[in-house]
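Spelled out from the first residue to the last, the chains are:
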Amino acid sequence: MIKIKTENLTKVYNGNKAVDGLNLEIAEGDIFGFLGPNGAGKSTTILMLVGMIEPTEGKCFINDIEVARNPLEIKKIIGYLPEDVGFYGNMTAEQNLDYFARFYAMDARERKKRIEELLELVQLAGVSQKVGGYSRGMNQRLGLAQALLNDPEVLFLDEPTANLDPEGVFQYRELVKQLSDEGKTIFISSHILSEVSRVCKTIGIISKGKLIAYGTFEELKKELRHLTENLRIIVETVEPLPEIEHEDIISAEYNENKRKVIIEAKSDIRDYISSRLFENGVRIKEMRVEEPTLEDIFLSVYQG
Ligand SMILES: Nc1ncnc2c1ncn2[C@@H]1O[C@H](COP(=O)(O)OP(=O)(O)O)[C@@H](O)[C@H]1O
Ligand SMILES: [Mg+2]
């Protein structure tokens, strides 16, 4: 079942398209990674999906309910962790959560029970310290608890691991997995590839407001291969290598004893290299082509 859908979703600010004709379909139970550099339009997309701003053009749906037309209904089924989550520094976690929980129709007893459960989940139970003294990681975990107050079906997390230390990131990842196992659909934005690649099942890459790639990791690699046409050919030989020249070679890096070269080329010129080495009586120990990694691909997307 499709849980989150956008149709030609567009937001224009001062004549500039922050989000430009976005078409997304995210399945129920997915952990979707929305990946893109700063300013790509991730937060703007999320704000439209949670009904905090209206699209200039196009629509978005959660459970087939149009967000802009049914904001109250949407609020009941979603949880949202903003990029900069703010709490009252002079109150405890429990007091802060109780303040936010009052926005939902829960009586005092219900609120107390829910808040206890959530503080347990995010490992802040029994912390009597005021939130003002929290570390960034604790603050983010409290933010997650706040986003979960209404036990939402769909969770939007905007850059949840930005500025977290490695331990904080690890704990966060475990929590996301746990919530996914409970059946929630989770939408995570990030500008860091490794963050998304660790935890997400499906990934969409956004650049300048447009979705430029979408799919699982393996699908993405295939889809984006054309963006990095160059390939790396690594040759190791028994005898020293001769100079290899070819119009498709961009660079060639020989090691000191000239028995290894890493060639960046525009095409797969392995046959040419073999024949050159054969002519010179140089025996090949190994010759292989390195595929671009997702990092390479992502970098090339970032660089435009
Ligand atoms: N309220 C706003 N007013 C004007 N421009 C905005 C506003 N919010 C975002 N933008 C612009 O829209 C673009 C996308 O921003 P944003 O969605 O915050 O990107 P991301 O979250 O991917 O970093 C940026 O160029 C940003 O400057
Ligand atoms: Mg943002």
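Owing to the predicted nature of the structure, the values given are computational and were not obtained by experimental measurement. (Residues numbered from 1 in each chain as written. Chains lettered and ligands numbered in written order. Predicted model: local features only at pLDDT ≥ 70, side-chain atom pairs only at ≥ 80, totals over all residues.)

Notes on the sheet that holds strand β2 (residues 16-27)
On the basis of which strands lie adjacent, the open sheet formed by four strands has the order β2-β1-β4-β5 and antiparallel pairing. In the strand order of this sheet, the two ends are held by β2 and β5 (65-66), each with one partner. The pairing of strand β1 (residues 2-13) with β2 spans eight bridges and is classified as antiparallel. Paired with Thr6 across the two strands is Leu24, which belongs to β2. (Pairing = 2+ DSSP bridges. Helix = DSSP H or I, 4+ residues; strand = E, 2+ residues; numbered from the N terminus.)

Things to note about the domain arrangement of the protein
We note that the domain assignment places domain 1 (2-224) and domain 2 (228-302) within the protein. Averaged C-alpha coordinates put domain 1 and domain 2 at centres separated by 44 Å. (Domains from an automatic or database assignment.)

Here we look at the nonpolar core
In this structure, Ala145, Phe156, Ile186, Phe187 and Ile188 are the most contacted members of the largest nonpolar core, which totals 64 residues. Sequence-distant contacts of Ala145, defined by excluding residues within four places in its chain, comprise Leu97, Leu118, Leu119, Leu121, Val122 and Leu124. Counting residues in hydrophobic clusters, the runner-up holds six residues, among them Val235, Ala265, Ile273 and Leu277. (Core = buried A, V, L, I, M, F, W, Y, C linked by C-beta atoms within 7 Å. Buried ≥ 20, exposed ≤ 12 C-beta atoms within 10 Å, placed from the backbone. Contact = placed C-beta atoms within 7 Å.)

Brief notes about the site of ligand 1
Residues in close proximity to ligand 1 include Tyr13, Asn14, Ala18, Gly36, Asn38, Gly39, Ala40, Gly41, Lys42, Ser43 and Thr44, which together make up its full environment. Here the element with the most residues in the shell around ligand 1 is helix α1 (residues 42-49); it accounts for three residues. When its residues are assigned to classes, the shell around ligand 1 shows three nonpolar, seven polar and one charged. (Near = placed C-beta within 6 Å. Nonpolar A, V, L, I, M, F, W, Y, C, P; charged D, E, K, R; others polar.)

A look at unusual backbone geometry
For residues besides glycine, phi is generally negative; the peptide bonds are generally trans as well. With a phi close to 55 degrees, Gln123 is a non-glycine residue in the positive phi region. Within the secondary structure layout, Gln123 lies in the loop between α4 (108-121) and α5 (136-147). Of note, the phi angle at Lys208 is positive, near 50 degrees, even though the residue is not glycine. Residue placement: Lys208 occurs in the loop between β9 (202-207) and β10 (210-215).

Digging into α5
Taking 1.5 Å of rise per residue, the 12 residues of α5 would be expected to cover 16 Å, and the 16 Å separating its terminal C-alpha atoms lies within 8% of that figure. Across the 12 residues that make up α5, a large majority, nine, are buried. Looking at the buried residues of α5, the elements they touch are β6 (78-81), α3 (93-101), α4, β7 (154-158) and α6 (166-181). (Expected span 1.5 Å × (residues − 1).)

A few points about the environment of Val19
Along the chain, Val19 turns up in strand β2. Not counting chain neighbours up to four residues away, the residues in contact with Val19 comprise Leu9, Thr10, Lys11, Gly41, Thr44, Thr45 and Gly209.

A word on the sheet that holds strand β13 (residues 260-265)
Hydrogen bonds along the backbone pair up the strands of a sheet, which may run parallel or antiparallel. Strand order in the open sheet made by the four strands is β12-β13-β11-β14, with antiparallel pairing throughout. Taken across any chain shown, the strands that pair with only one partner, and hence form the sheet edges, are β12 (249-254) and β14 (284-290). Sheet twist, expressed as the mean angle between neighbouring strand axes with direction ignored, is 15 degrees. Examined bridge by bridge, β12 and β13 share five bridges and lie antiparallel to one another. Bridge pairing in β13 places Ile249 opposite Ala265. (Axes fitted to C-alpha atoms, helices over the stretch in contact; angles between N-to-C directions.)

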